[in-house]
Amino acid sequence: MADPRQLYQEVILDHNRKPRNWGAVDGASHKAEGHNPLCGDHISVTVKLADGDTIEAIAFRGESCAICKASASMMTGAVKGKTRGEAEALIEEFREMATGKLDTARAPNHLGRLSVFAGVRDLPTRVKCAILPWHTLHAAFNTAGSISTEAGDDPMHSPIGNA
Amino acid sequence: MNAPITPLSRSGAYRQSEFDVERIRADFPILNNVTVGDRPLVYLDNAASSQMPQPVIDRFVRYQTREHANIHRAVHYLSETATAEYEAARRKVQAFLNAKEDREIVFTRGTTEAINLVAHGWGRKFLKAGDEVILTTLEHHSNIVPWQMVCGEKGATIRVVPINDAGELLIDDYEKLFNERTRFVGVAHVSNALGTVNPVREMIATAHRHGVPVLVDGAQAAPHLAVDVQALDCDFYAFSGHKTCGPTGSGVLYGKAALLEAMQPYQGGGDMILSVTFEKTTYNEIPHKFEAGTPPIAPIITLGAALDYLTAIGLDNIAAHEAVLLEYATQRMSEIPGLRIVGTARDKAAVLSFTLDGVHPHDVGTLLNAEGVAIRTGHHCAQPVMRRFNVAATSRASFAFYNTLEEVDALAQAVRTVQKVFS
């Protein structure tokens, strides 16, 4: 088993302490609410698309663990200025990395610094924490106006049992 | 027979010098076999599930290697043996709870199924529109959701006993909740999230003054303190085998005979009937009326051995040792700056829920695991408790009689390591 302490690298701790793009976008065109039923954590993601395609502004806020918060913070930085299609591709790559299907050291990818989250694949209970912001962004893209989508309604989201 | 267990204290009074925790730990293979990375396992998630000692494991193996057959059916040797052992386990539970009769003991898969059995068997038969069921803020979801389901179906309402900032039930408010519509009370003996020991005896007496039956969720009490259902005068008492050093898939519902007899069956099937035609089925007598189909025979027989094991050590000795652990843990954890203990009831079982400034419980749990310390993080299936304290989640260390003061030190040290990572 990999040492979980390796996941808590300085870049993740820094984004946890000082999350970038914290808050909500004024005049957002898309937004969604994501929940982690395992712990009750939640984050909201708001996005403003220019011409219905390029991410002009993105912000997030909520209550979550360091892994989730840092993942959300770095996600907002990574997708800003990208097209919706590019962001969706990145969502898929992040998901594949976090679930151990994509080895960022071997396969070509666009994740860059986001590969610091590769270690969550060894922590099955924490994979959801890292992926939650990305699922929520995906849900936001696929939700019109101000309708809030819980992660449970997200087709990409497969909740595990929870008491 | 099981390996004999010498009582640790003949007088029944706890003396730490006589409570040989190292000898007890030697009985638990998992405590000695498992390391987490290069760290010895410090298992402090006993409120979720306890570990199983070798004599209890041996009982399971003996059943599977020498005694297994279906029960209550065939006339052959193995079936008779398995039936006798299964019914012997029922009498062990009867003694463990000091129930009046063995037919008042119904075997289930666990506490959750036991509560569902009462909600279905009693609630669906006797609750009507406008009736009220009293529960408490401290309940585990398993003593909330079954009642919501049956109340929703019947048009009945749930009233909730509030708690104070220490996590204690407000008993004056409890008494004020009673009125002519009150039909049932469900209360945890010990809170799983906070460790609060509720004054169930007094609460039962209050309910009975209003003619209302009471179910006690004993999942967190049965492994830690001596339970006497006749002294409590509770109408139902539920607990789980896997929290009492027994296996998963074994659980108990105690019910007063008259109440069990008045209830409708929970599930239909074999063993719960006397006669079946397509026109009419006559149900079996209690407790068999509630044990449809082939029960978890091996887990139940093994549970009997687990209760023997706990009884040999002595529940009073267990409670006394755990009180020492709780007191020491409370002291050590209180010394840590930025750590807040959630749940500070005067009467507490050995559960320590806490939050850490600036660190989410999930991160605490992952980093404690890196130090070999196993705790539970999250809402503990008690979201109303979390909301009351305005937290989404806590970290929870929960102790058993095989834990040591050194393990408390390991916990405190590991928490300080977490703080260093996040500093």
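Structure's up top.
About the cut-offs
- Residues numbered from 1 in each chain as written.
- Chains lettered and ligands numbered in written order.
- Predicted model: local features only at pLDDT ≥ 70, side-chain atom pairs only at ≥ 80, totals over all residues.
- Helix = DSSP H or I, 4+ residues; strand = E, 2+ residues; numbered from the N terminus.
- Buried ≥ 20, exposed ≤ 12 C-beta atoms within 10 Å, placed from the backbone.
- Contact = placed C-beta atoms within 7 Å.
- Pairing = 2+ DSSP bridges.
- Nonpolar A, V, L, I, M, F, W, Y, C, P; charged D, E, K, R; others polar.
- Core = buried A, V, L, I, M, F, W, Y, C linked by C-beta atoms within 7 Å.
- Axes fitted to C-alpha atoms, helices over the stretch in contact; angles between N-to-C directions.
- Parallel < 35°, antiparallel > 145°, perpendicular 65-115°, else oblique.
- Left-handed = near helix turned anticlockwise from the far one by under 90°.
- Right-handed = clockwise from strand over helix to strand, strands pointing away.

Participant: How should the overall build of chain A be read in this particular structure?
Facilitator: Looking only at helices and strands, one finds four helices and three strands in chain A. Traced from its N-terminal end to its C-terminal end, chain A shows the element sequence α-β-β-β-α-α-α. Expressed as a percentage of the 163 residues in chain A, the buried residues total 45%. Taking contacts inside chain A between residues at least 6 apart in sequence as the whole, the part at least 24 apart equals 59%.

Participant: Teacher, can you tell me more about the pairing of strand 9 (residues 236–240) of chain B here?
Facilitator: Here is the key point about a regular strand: its side chains alternate between the two faces of the sheet. Residues and elements named next belong to chain B. The buried fraction of strand 9 is high, at five of five residues. Bridge count for strand 8 (residues 214–217) against strand 9 is three bridges, and the pairing is parallel. If you follow Leu215 over to strand 9, its bridge partner there is Phe236. Note: strand 9 against strand 10 (residues 251–255), five bridges, orientation antiparallel. Bridge assignment links Ser240 to a residue of strand 10, and that residue is Gly251.

Participant: What is the right way to read the interface of chain A and chain B from this model?
Facilitator: Often, the extent of an interface is quoted as the loss of accessible area upon association of its parts. On the chain B side, the residues contacting the 19 residues of chain A number 18 residues. Looking at the side of chain A that touches chain B residue by residue, the classes come out as 12 nonpolar, two polar and five charged.

Participant: Can you walk me through the environment of Thr99 of chain A in this structure?
Facilitator: Residues and elements named next belong to chain A. Relative to the assigned elements, Thr99 resides in the loop between helix 3 (84–98) and helix 4 (127–141). A residue is classified by how many C-beta atoms lie within 10 Å of it, and Thr99, with 14 of them, is partly exposed. Non-local contacts of Thr99, meaning those with residues more than four positions away in its chain, are made with Arg121 and Val127.

Participant: Could you clarify how one ought to interpret the nonpolar core in this entry?
Facilitator: One recurring pattern in soluble globular proteins: nonpolar side chains tend to sit buried together. Residue and element names in this part refer to chain B. In terms of nonpolar packing, the biggest core is built from 165 residues, with Ala238 and Leu411 touching the most fellow members. For this core, the leading source of residues is helix 11 (residues 297–313), giving 11 residues. Contact partners of Ala238, with chain neighbours within four places excluded, come to Thr111, Ala114, Ile115, Leu215, Asp217, Gly218, Ala219, Val252 and Leu253.

Participant: Teacher, can you tell me more about the sheet that holds strand 16 (residues 376–378) of chain B here?
Facilitator: Paired through backbone hydrogen bonds, the strands of a sheet run either parallel or antiparallel to each other. Residues and elements named next belong to chain B. Read from one edge to the other, the open sheet built from four strands follows the order 13-14-17-16, with strand pairing classed as antiparallel. For this open sheet the edge positions go to strand 13 (339–342) and strand 16, each flanked by a neighbour on one side alone. The mean inter-strand angle of the sheet, taken between neighbouring strand axes irrespective of direction, is 30 degrees. Here strand 16 pairs with strand 17 (residues 394–398) via three bridges, running antiparallel.

Participant: Explain the packing of helix 3 (residues 54–67) of chain B against helix 11 of chain B to me, please; I cannot follow it from the model alone.
Facilitator: A pair of packed helices can be characterised by two numbers: the angle between their axes and the separation between those axes. Residues and elements named next belong to chain B. Put simply, helix 3 and helix 11 touch, their axes get as near as 9 Å, and they point 150 degrees apart. Regarding the angle of helix 3 to helix 11, the classification is roughly antiparallel. When you trace helix 3 past helix 11, the crossing you get is right-handed. For the pair helix 3 and helix 11, the contacting residues are Pro55, Val56, Arg59, Phe60, Tyr63 and Gln64 in the first and Ala298, Ile301, Thr302, Ala305, Ala306 and Tyr309 in the second. Among the residues making up the contact of helix 3 with helix 11, the classes are represented as nine nonpolar, two polar and one charged.

Participant: Can you walk me through the sheet that holds strand 10 of chain B in this structure?
Facilitator: Residue and element names in this part refer to chain B. A sheet is described by the order of its strands in space; here seven strands give the open sequence 4-10-9-8-7-5-6, paired in mixed fashion. Lying at the two open borders of the sheet, with one neighbouring strand each, are strand 4 (105–108) and strand 6 (157–161). For this sheet, the mean angle separating the axes of adjacent strands, direction not counted, is 20 degrees. In this structure, strand 5 (residues 132–136) lies alongside strand 7 (residues 182–188), joined through three bridges in parallel fashion. The residue bridging Val133 from the neighbouring strand is Phe184, located in strand 7. Sitting on the sheet, helix 4 (residues 77–97) is in contact with strand 4, strand 9 and strand 10, with an inclination near 115 degrees to strand 4. Contacts from helix 5 (residues 111–126) reach strand 4, strand 7, strand 8, strand 9 and strand 10 within the one sheet, and its direction differs from that of strand 10 by about 35 degrees.

Participant: Looking at this structure, how should I read the environment of Leu138 of chain B?
Facilitator: Here Leu138 of chain B shows up in the loop between strand 5 and helix 6 (145–154). Measuring from C-alpha to C-alpha, the distance between Leu138 of chain B and Val229 of chain B comes to 21 Å, with 91 residues separating the pair along the chain.

Participant: Sorry, what's going on with the pairing of strand 8 of chain B here?
Facilitator: All names here are of chain B. Neither face of strand 8 is exposed, since Val214 and Val216 on one face and Leu215 and Asp217 on the opposite face are all buried. In terms of strand pairing, strand 7 meets strand 8 through four bridges, oriented parallel. From the neighbouring strand, Val185 faces strand 8, where its bridge partner is Val214. For the handedness criterion, the β-α-β arrangement of strand 7, helix 8 (residues 200–209) and strand 8 is classed as right-handed.

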